[in-house]
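Structure assessment
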Amino acid sequence: GVMVSAAVAAMPIGHDDAKKQAHTTFHVKPGHLDQTHEVTLDHIKCQFSFRAAHAAHGEEWDMLLVKEGGHGGRYVCTIRDLDQDPPHATFLGFSAHMFGAENEHLESYDVWNHEGALLEGDDFIIEGSTLRSDTHWRLSGLSKVILKCT
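Rules and cut-offs
Residues numbered from 1 in each chain as written. Predicted model: local features only at pLDDT ≥ 70, side-chain atom pairs only at ≥ 80, totals over all residues. Heavy atoms only, no water. Pairing = 2+ DSSP bridges. Helix = DSSP H or I, 4+ residues; strand = E, 2+ residues; numbered from the N terminus. Axes fitted to C-alpha atoms, helices over the stretch in contact; angles between N-to-C directions. Salt bridge = Lys/Arg side-chain N within 4 Å of Asp/Glu carboxyl O. Phe/Tyr/Trp six-rings, centres within 6.5 Å; stacked < 30°, edge-to-face > 60°. Buried < 20%, exposed > 50% of the residue type's maximum accessible area, 1.4 Å probe, protein only. Lys NZ or Arg CZ within 6 Å of the ring centre and 35° of its normal.

Another aspect to go through is the sheet that holds strand β10 (residues 142–149). Read from one edge of the open sheet, 5 strands run β1-β4-β5-β10-β7, paired in antiparallel fashion. Both outer strands of the open sheet, β1 (21–28) and β7 (108–113), are each paired with one neighbouring strand and no more. With direction set aside, neighbouring strand axes in the sheet form an average angle of 10 degrees. In terms of strand pairing, strand β5 (residues 74–81) meets β10 through 6 bridges, oriented antiparallel. Note on β10: the bridge partner recorded for Ile79 is Val145.

Turning next to the sheet that holds strand β3 (residues 44–52). Spatially, β2-β3-β6-β9-β8 is the arrangement adopted by the 5 strands of the open sheet, whose pairing is antiparallel. Both outer strands of the open sheet, β2 (35–41) and β8 (124–127), are each paired with one neighbouring strand and no more. In this sheet, adjacent strand axes meet at a mean angle of 10 degrees when their direction is disregarded. Both β8 and strand β9 (residues 130–133) contribute to a ladder of 4 bridges, which runs antiparallel. In the strand pairing of β9, Phe124 is matched with Ser133.

By the definition in use, this model includes 6 salt bridges. One salt bridge connects Arg51 with Asp34, and the closest N-O pair in it is separated by 2.7 Å. One end of the pair, Arg51, is in strand β3; the other, Asp34, is in the loop between β1 and β2, with 17 residues separating them in the sequence. For Glu107, the salt bridge is made with Arg74, and the minimal N-O distance between the two is 2.7 Å.

Applying the stated criterion across every chain, the model contains 10 aromatic pairs. On the basis of an interplanar angle of 80 degrees and a centroid distance of 6.1 Å, the ring pair of Phe48 and Phe91 is categorised as edge-to-face. Taken together, the residues span a long stretch of sequence, with Phe48 in strand β3 and Phe91 in strand β6 (residues 91–99) at a distance of 43 residues. Here Phe48 matches Phe91 in class, with each residue buried. On the basis of relative accessible area, Phe91 is assigned to the buried category, the value being 3%. Connected via pairs of aromatic rings, a cluster forms that spans Phe26, Phe48, Phe50, Trp61, Phe91 and Phe94. Its guanidinium or amino end placed over the ring of Phe99, Lys45 lies 5.4 Å from that ring's centre, counting from NZ or CZ. In this structure, Lys144 packs its charged tip against the face of Trp112, placed 4.7 Å from the ring centre.

Limitation: the analysis is restricted to geometry and does not speak to function.
Shown next, in the form of structure tokens:
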């Protein structure tokens, strides 16, 4: 066990580094109610809410919130479909929030569909630190949302 201990001691990962991310997984199941999942890191809470269509069958998604850089760094929240194979979950609507963002502002955001295409701004609405589908949302292929803030 001595060799193992030495190897662990040599690892440059301390408690501070270990706390630089938060993670959760969830399943997209059909239902009449909105479902909400969230991860919290420091003062930032990344929240993803959605209403799944009946076509959903428990697809597994995950949310990862990480801090990039040291003090004054930025927070990056990635919400993504782990199962890249069809059929894909269909959302009647969704919203992603970064609570605690500086000036309630998103530094950047990216939304992808399953074809790997970056969705344009006319497919969603930005309100402060919230990105949400608009009332005409009709894209079934949401596969990944990335929000960044400071």
